[in-house]
Amino acid sequence: MMSKILVIGAGGQIGTELVLSLRELKGDEHVFAADLKDDCPEKLVGGPYVKMDVLDKEFVRSFIIKNKIDEVYLLAALLSATAEKNPAFAWKLNMEGLFTILDLAKEKHLKKVFWPSSIAVFGPTTPPENTPQLTIMEPSTVYGISKLAGERWCEYYANNYGVDVRSIRYPGLISYTSLPGGGTTDYAVDIFYQAKLGNEFTSFLKEDTTLPMMYMEDAIRATIELMESDSDNIKIRSSYNLSGCSFSPKELTEEIQKLMPEFKAKYVPDFRQDIADTWPRSIDDSNARVDWGWKEKFSTESLVKVMLNHVDVNLLKNS
Ligand code: NAD
Ligand code: AKB
């Protein structure tokens, strides 16, 4: 029988595309989308939707048990920039939902859990080039602290209770289907909208701040490949390093200018610069390559072409 899947935080940047891809693979009726809004986001109306606050533990538990859900993708979180503005709530949201889901898996109500981590687990003392899977991790943001704690708990539940939990340390994700939700890498999405609008772009990061990035199609494929892989292949139960490409605001600007020579950008760093300064510039993802066969498809050059072809400025105007 086909697994029943629940995606919590389905209306966000990753959730929108993940739900669409999972529905294509598993059938619309098998993939439930859940988010805070009363109404189903327009792009997800093709399948079941439920209004759900992941902090409402009793509702989440009864929904999952009553509907015999097999797998949960838990995406609801505050991202790095938003989290710095409300650290106490960020800690609450990013941790409590995870415990609710891990406990359901521990009690055997769930067969598999996906929970995303981030390059934010690394910090200013981490080697920034080709950052290894196992290295110094002293994150200095509340978001990074919550992701590192979450990773530790995932591994703990896997080792002590046999929970099948899988995770990826996503880099900054670039996509056009829905807008990003408050991260430090969001400039690398906004730049395409400003280019299409004919505006000069103001980057909130310095021109030479290189960060690990990935085109969304690669990230969704990685997520599904990880989740579909045989459990024996998953040697890391904290979270896998994953690499796509790396670029700075200036390099991204120059790549856009190859296709739109009139495009201009300026660099006016704000508080997000301090966050970016603590993150790696590139990631060593050899464990993901060996364990479950990961390989990226998109380079900076190819993601720029797709983004410029597909970005719809109406999405920005209607947000
Ligand atoms: P997003 O902000 O775009 O989406 C998060 C979604 O969660 C939103 O639709 C929001 O309404 C929903 N949500 C918030 N609070 C909720 C609650 N209490 N109950 C239910 N839903 C709630 O985020 P995203 O970019 O899609 O990220 C999803 C996950 O992936 C997060 O855990 C994030 O840390 C992680 N991640 C994202 C990136 C990236 O570049 N997008 C990179 C690394 C890790
Ligand atoms: C953010 O910038 O907060 C996210 C991430 C890399 O986790 N995009």
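Here the structure is a predicted model, which is why all the values come from computation and not from measurement.

What should I look at first to understand the side chain of S175 in this one?
Following the sequence through the fold, S175 ends up in the loop between β9 (172-174) and α6 (187-197). Only 3.0 Å separates the side chain of S175 from the side chain of Q13, close enough to count as a polar contact. With residues near it in sequence (within four places) discarded, S175 still touches Q13, E17, V189, M216 and M307.

I would appreciate a short explanation of the site of ligand 2 in the present structure.
Near ligand 2 you find L79, S80, S118, I119, Y143, G172, G183, T184, T185 and W279, and these make up its full shell. Its residues assigned to classes, the shell around ligand 2 shows four nonpolar, six polar and no charged.

Whenever I open this one, the site of ligand 1 confuses me. Can you help?
Residues in contact with ligand 1 amount to 25 residues; listed here are only the nearest, Q13, I14, D35, D53 and Y143. Contacts to ligand 1 include Q13, whose backbone N or O atom sits 2.8 Å from an oxygen atom. Here an oxygen atom of ligand 1 sits 2.6 Å away from a polar atom, N or O, in the side chain of D35. The protein chains hide 89% of the 830 Å² of surface that ligand 1 would expose on its own. Mapped by element, the contributors of at least two residues to the shell around ligand 1 are α1 (13-26), β6 (117-118), α5 (142-161) and β9. Here the shell around ligand 1 is composed, by residue class, of 14 nonpolar, eight polar and three charged.

What am I meant to see in the pairing of strand β1 (residues 5-8) here?
Look at any regular strand and the pattern is simple: side chains alternate between the two faces of the sheet. Of the two faces of β1, the one holding I5 and V7 and the one holding L6 and I8 are both buried throughout. Bridge analysis of β1 against strand β2 (residues 31-35) gives four bridges, and the strand direction is parallel. By the bridge assignment, I8 is partnered in β2 with A34. Of the strand pairs in this sheet, β1 and strand β4 (residues 71-74) are connected by four bridges, and their pairing is parallel. Counted as the bridge partner of I8 is L74 from β4.

Mind showing me how you'd approach a negative patch on the surface here?
A surface patch of like charges, here negative, comprises E207, D208, D274 and D277. Considering the arrangement of structural elements, one finds D277 in the loop between α9 (271-276) and α10 (286-292). Taking relative accessible area as the criterion, D277 reaches 47% and is therefore assigned partly exposed.

Which parts of the structure should I look at to understand the pattern of salt bridges?
Per the counting criterion, the structure on display carries 18 salt bridges. Shared partners join several salt bridges into a network, and the residues in it are D164, R166 and R237.

Could you clarify how one ought to interpret the domain arrangement of the chain in this entry?
Many structure descriptions define interface size as the accessible area lost when the parts assemble. Parsing the chain into structural domains produces domain 1 (5-171 + 216-232) and domain 2 (172-213 + 244-317). Centre-to-centre, using C-alpha coordinates, domain 1 lies 22 Å away from domain 2. The interface of domain 1 with domain 2 comprises 37 residues on the first partner and 34 residues on the second. Buried area between domain 1 and domain 2, summed over both chains or domains, comes out near 3100 Å², and the portion from carbon and sulfur atoms is 58%. Counting the surface domain 1 buries against domain 2, the share from its top three residues, Q13, I119 and P171, is 21%. Our enumeration of links across domain 1 and domain 2 arrives at one salt bridge. Residues E129 and R281 are paired through a salt bridge, measuring 2.7 Å at the closest nitrogen-oxygen approach. Taken together, the links from domain 1 to domain 2 amount to 20 residue pairs in polar contact (both at pLDDT 80 or more).

Explanation requested: unusual backbone geometry in the structure shown.
The general pattern is negative phi for most residues beyond glycine and trans for most peptide bonds. Backbone geometry places K68, a non-glycine residue, at a positive phi of 50°. With respect to the secondary-structure elements, K68 resides in the loop between α2 (57-66) and β4. Assessed through its relative accessible area of 62%, K68 is described here as exposed. Notably, N130 is not glycine yet its phi reads approximately 50°, a positive angle. Looking at where N130 falls in the secondary structure, it is placed in the loop between β6 and α5.

Could you clarify how one ought to interpret the sheet that holds strand β7 (residues 165-166) in this entry?
Paired through their backbone hydrogen bonds, the strands of a sheet run either parallel or antiparallel. The strand order across the open sheet built from six strands is β3-β2-β1-β4-β5-β7, with neighbouring strands paired in parallel fashion. Strand pairing shows two members of the sheet lacking a second neighbour, β3 (49-51) and β7, which therefore form its edges. Taken together, the two bridges between strand β5 (residues 112-114) and β7 define a ladder with parallel strand orientation. By the bridge assignment for β7, V113 is matched with V165. Of the strands in this sheet, β1, β4, β5 and β7 touch helix α4 (residues 87-106), which is tilted by about 165° from β4.

Thresholds applied
- Residues numbered from 1 in each chain as written.
- Chains lettered and ligands numbered in written order.
- Predicted model: local features only at pLDDT ≥ 70, side-chain atom pairs only at ≥ 80, totals over all residues.
- Heavy atoms only, no water.
- Helix = DSSP H or I, 4+ residues; strand = E, 2+ residues; numbered from the N terminus.
- Polar contact = N/O pair within 3.5 Å; in protein donor to acceptor, adjacent residues only side chain to side chain.
- Contact = heavy atoms within 4.5 Å.
- Near = heavy atom within 4 Å.
- Nonpolar A, V, L, I, M, F, W, Y, C, P; charged D, E, K, R; others polar.
- Areas by Shrake-Rupley, 256 points an atom, 1.4 Å probe, with all protein chains shown as cover.
- Buried < 20%, exposed > 50% of the residue type's maximum accessible area, 1.4 Å probe, protein only.
- Pairing = 2+ DSSP bridges.
- Patch = residues over 30% accessible without salt bridge, like charges linked within 9 Å, V, L, I, M, F, W, Y side chains within 5 Å.
- Salt bridge = Lys/Arg side-chain N within 4 Å of Asp/Glu carboxyl O.
- Lys, Arg positive; Asp, Glu negative; His and termini not counted.
- Charge placed at Lys NZ, Arg CZ, Asp CG, Glu CD.
- Domains from an automatic or database assignment.
- Buried area = accessible area lost by both parts, 1.4 Å probe.
- Axes fitted to C-alpha atoms, helices over the stretch in contact; angles between N-to-C directions.

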